[in-house]
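Observations on the three-dimensional arrangement
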Amino acid sequence: MRSVAAAPNYGGAASRRRPVPIGCAALRHALRQGRAGALWGACLRSAVRSRDRGVRSRSFRGGMAESGPGLKAALENVDEEKETAAPAPKKRRLAAGERYVPPPRKLRSGVSFSAAHFAETSYYFEGGLRKVRPYYYDFRTYCKGRWVGRSLLHVFSTEFRAQPLAYYRAAARAGRLRLNEEPVQDLDIVLKNNDFLRNTVHRHEPPVTAQPIQILVENDEVVVVDKPSSLPVHPCGRFRHNTVIFILGKEHNLKELHTIHRLDRMTSGVLMFAKTVEVSKRIDEQVRERQLEKEYVCRVVGEFPEHEVVCEEPILVVSYKVGVCRVDPKGKCCKTIFQRLSYNGKSSVVKCLPRTGRTHQIRVHLQYLGYPIVNDPIYNMEAWGPEKGKGGKIGKTDEELLKALVEEHRSKQSLDILGISEEDLNSNAENNDSGNSSGCTEPVQTDPISENSCLAEDIKGSETEEVAAYPLNFNTNLETLEKNTELGSCENKGRHTGEKSSEERDPLCLECKITRQDPSPKELVMYLHALRYKGAEFDYCSKMPEWAMEDWEE
């Protein structure tokens, strides 16, 4: 290193002349030309390079010390930027014609939905029902292991047959199918490990009761509500905005809630949410240790015995998709205590004390005892045979039972009460090994709560996503659409007041072409209510429902 004794003054004092360390000819030239800014920048770059190489000369250290705190601060900022910047992933050298697949993204953790989720669409009320305006939604998934090496077209044709292939071709032309965030140009593209698929669909949700959610308790730790019947607790299956979580967020500004326990979609009553992770863990511990006392009330067919009845029959899940269980020796052990409260000559009001939390436990045990819930849309149906499942006597295989249940609801045009569609059933029947296969893709957990089954009272299940129905001649319509240049935008253009307008119709949406009969508000109520939840530090109770009054008559 060399020094220039008579360097120009850049410190502001006319008489000050101090040696300035120069590391290269470029610095000396800048100094002679009086370019202070260039000198400062060159010094900084030189300092960083020298320090990173581990070369720190005495003259450089001295010069940095004399330059004041400015250079030191600049170097510290460079250090911070280098520490926070994520190292760029090394790209493997691709063979000729090989397609690059970006590495998997780190999914956002958490349980809350954001304002963007709540703003996807809006509600409107009609005929005693809460309805959701159709909206655009992205189903997302990473490539499954069994898809690797297969073409996208082959995956659609074998695992997602609820939609005709013409629909996927039209969706690709409209830019609604994306692979690694790039529009899919050719459905013959071969999938690779870590491929990220996105399918934008026009989503329709089934209606639910217009009965409002009543908030029983709200404090710094919990939110306790009285859930109406027909409302799922959280997004699942065909339901997203018509759920307790979304309604509380959109209409009550209650966000970032943690689900403590669940109620079946058709069950009403006390439902608790925690406001913090700590509270959720504390109460969840009580649930796991069975320290949480639960009390339900229901109205059943016939005259229930006056004495206490205990049922400990094991329960087996027959179908998560349809939401059907039955008593079976291979099922999980459980216990329910029943006590009759009243009898009006036709039906009885019964208090139910479940000691375990199996799927549909109360409903299945009551059916087994011969006293099904009066308006249970599953366990009080003719499909179970002349005894309606009493004593476990069904006389059908599980497949025959499911088919009979579906046919009975199909004849009544009430499949929506089960929370399923025709295409959900068709997709499952055609592809038993495909997992959640009723949509083009299933959601990855970028949303805080995975969209699981609606059928669990206290446990999660698996449920498929919405698949719209299509008429028999829709293939021809889609072939026509494939030739059109204007296939519609993926922006939600629906209005926020009044009924569904023509602007909310989508040219590719199969569901938009179907007119469905709405269920009546009465059909969306089942006579099973969670009356009370009691723990070590709390005791929450709702009012007795109207149908549970002693003098009530249907």
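Calculation notes
- Residues numbered from 1 in each chain as written.
- Predicted model: local features only at pLDDT ≥ 70, side-chain atom pairs only at ≥ 80, totals over all residues.
- Heavy atoms only, no water.
- Helix = DSSP H or I, 4+ residues; strand = E, 2+ residues; numbered from the N terminus.
- Buried < 20%, exposed > 50% of the residue type's maximum accessible area, 1.4 Å probe, protein only.
- Contact = heavy atoms within 4.5 Å.
- Expected span 1.5 Å × (residues − 1).
- Arc of directions from axis to C-beta.
- Salt bridge = Lys/Arg side-chain N within 4 Å of Asp/Glu carboxyl O.
- Pairing = 2+ DSSP bridges.
- Phe/Tyr/Trp six-rings, centres within 6.5 Å; stacked < 30°, edge-to-face > 60°.
- Lys NZ or Arg CZ within 6 Å of the ring centre and 35° of its normal.
- Core = buried A, V, L, I, M, F, W, Y, C linked by side-chain atoms within 4.5 Å.
- UniProt positions renumbered as here; feature names shortened; annotations may be inferred.
- Axes fitted to C-alpha atoms, helices over the stretch in contact; angles between N-to-C directions.
- Disulfide = S-S within 2.5 Å.

1. A look at the overall build of the protein chain
- Counting secondary structure elements, the protein chain contains 13 helices and 21 strands.
- A total of 554 residues make up the protein chain; the buried ones form 50% of that total.
- Put simply, of all contacts in the protein chain between residues at least 6 apart along the chain, 69% involve residues at least 24 apart.

2. Focus on helix α9 (residues 277–288)
- The terminal C-alpha atoms of α9 lie 16 Å apart, and with 12 residues this matches the ideal 16 Å at 1.5 Å per residue to within 8%.
- The complete set of buried residues in α9 reads V279, S280, I283 and Q286. One side of α9 holds all its buried residues, which, seen down the axis, span an arc of 125°. Exposed residues lying more than 90 degrees from the buried face of α9 are E278, K281 and R288.
- Remark: R290 follows α9 within two positions and exhibits a positive phi of approximately 60°.

3. Points about helix α10 (residues 361–369)
- Burial runs high along α10: 7 of the 9 residues are buried.
- When we look at burial in α10, the residues that qualify are Q361, I362, R363, V364, H365, L366 and Q367.
- Positive backbone phi, at 95°, marks G370, one or two positions downstream of α10.

4. Some details on the pattern of salt bridges
- If you walk through the whole model with that rule in mind, you get 27 salt bridges.
- A salt bridge links R282 to E221; its shortest N-O distance comes to 3.0 Å. Residue R282 is found in helix α9, and its partner E221 is found in the loop between β10 (214–218) and β11 (222–227); the two are separated by 61 residues along the sequence.
- Residue R282 is classed as partly exposed on the basis of its relative accessible area, which comes to 31%.
- E407 serves as the salt-bridge partner of R410, at 2.4 Å between the closest nitrogen and oxygen.

5. Thoughts on the pairing of strand β14 (residues 293–301)
- Burial analysis of β14 places 7 of its 9 residues in the buried class, the great majority of the element.
- Taken together, the 6 bridges between β14 and strand β20 (residues 528–534) define a ladder with antiparallel strand orientation. The residue of β20 that forms the bridge with V297 is H529.
- Bridge analysis of β14 against strand β19 (residues 347–354) gives 6 bridges, and the strand direction is antiparallel. If you follow V301 over to β19, its bridge partner there is S347.

6. Regarding the environment of V208
- Among the structural elements, V208 can be located in strand β9 (residues 208–209).
- Classification of V208 as buried rests on a relative accessible area of 0%.
- As a C-alpha pair, V208 and I417 span 209 residues in sequence and 9.3 Å in three-dimensional space.
- Beyond its immediate chain neighbours, meaning those up to four positions away, V208 contacts L129, R130, S230, L231, F239, N242 and L524.

7. Quick notes on the packing of aromatic side chains
- Taken as a whole and judged by the stated rule, the model has 15 aromatic pairs.
- Members of the aromatic cluster, each reached through a chain of ring pairs, are W147, F156, F160, Y167 and Y168.
- Lying over the aromatic face of Y137, R203 brings its terminal NZ or CZ to 4.5 Å of the ring centre.

8. Looking at the nonpolar core
- Formed by 80 residues in total, the largest nonpolar core has its most connected members in L187, M272, F273 and F338.
- Sequence-distant contacts of F338, defined by excluding residues within four places in its chain, comprise F304, H307, E308, V309, C311, V350, K351, C352, I362, H365, L366 and L369.
- Counting 20 residues, the second largest nonpolar core, distinct from the first, contains V322, V327, C334 and L402.

9. Points about the UniProt feature "active site" (unreviewed entry) in the protein chain
- Look at the UniProt record and you will see "active site" (unreviewed entry) annotated at D264.
- Mapping D264 onto the fold places it in the loop between β12 (258–259) and β13 (268–274).

10. Side note on the sheet that holds strand β3 (residues 123–126)
- If you walk across this open sheet you meet the 3 strands as β3-β4-β9, and the pairing is antiparallel. Each edge of the sheet is formed by a strand with only one pairing partner; in this case those strands are β3 and β9.
- When strand β4 (residues 129–132) meets β9, the two strands line up antiparallel, connected through 2 bridges. Bridge pairing in β9 places L129 opposite T209.
- Its contacts with the sheet place helix α8 (residues 244–251) against β3 and β4, and it is angled at close to 105° to β3.

11. Let's talk about the environment of A383
- By secondary structure assignment, the location of A383 is in the loop between α10 and α11 (398–411).
- The sequence separation of A383 and E407 amounts to 24 residues, and the corresponding C-alpha distance is 8.6 Å.

12. Here's the deal with the sheet that holds strand β6 (residues 177–179)
- Judged by pairing direction, the sheet is antiparallel, and its 4 strands sit side by side in the order β5-β8-β6-β7 without closing on themselves. Of all the strands in the sheet, just β5 (135–142) and β7 (182–183) have a single pairing partner and so form its edges.
- Two elements, β6 and β7, share 2 bridges in a ladder whose sense is antiparallel. Pairing of L179 across the sheet is with E182, part of β7.

13. Some details on the state of the cysteines
- For the structure shown, the criterion picks out 0 disulfides.
- Lacking any disulfide linkage, C311 is separated from the closest cysteine sulfur, that of C334, by 7.2 Å.
- Cysteine C509 remains unbridged, with the sulfur of C512 as its closest cysteine sulfur at 3.5 Å.

14. With respect to the environment of I362
- Within the element layout of this structure, I362 appears in helix α10.
- When its relative accessible area of 1% is taken as the criterion, I362 is described as buried.
- C-alpha of I362 to C-alpha of C298: the two residues are 64 residues apart in sequence and 9.3 Å apart in space.
- In contact with I362, not counting residues within four places along its chain, are Y296, T336, F338, C352, P354 and L528.

15. Looking at the pairing of β3
- Examined bridge by bridge, β3 and β4 share 4 bridges and lie antiparallel to one another. In the strand pairing of β4, Y123 is matched with V132.
- Joining the antiparallel neighbours β3 and β4 is a turn of 2 residues, in which G127 adopts a positive phi near 60°.

16. A look at unusual backbone geometry
- Phi is positive for S230, which is not a glycine, with a value near 85°.
- Looking at the element boundaries, S230 is found in the loop between β11 and α8.

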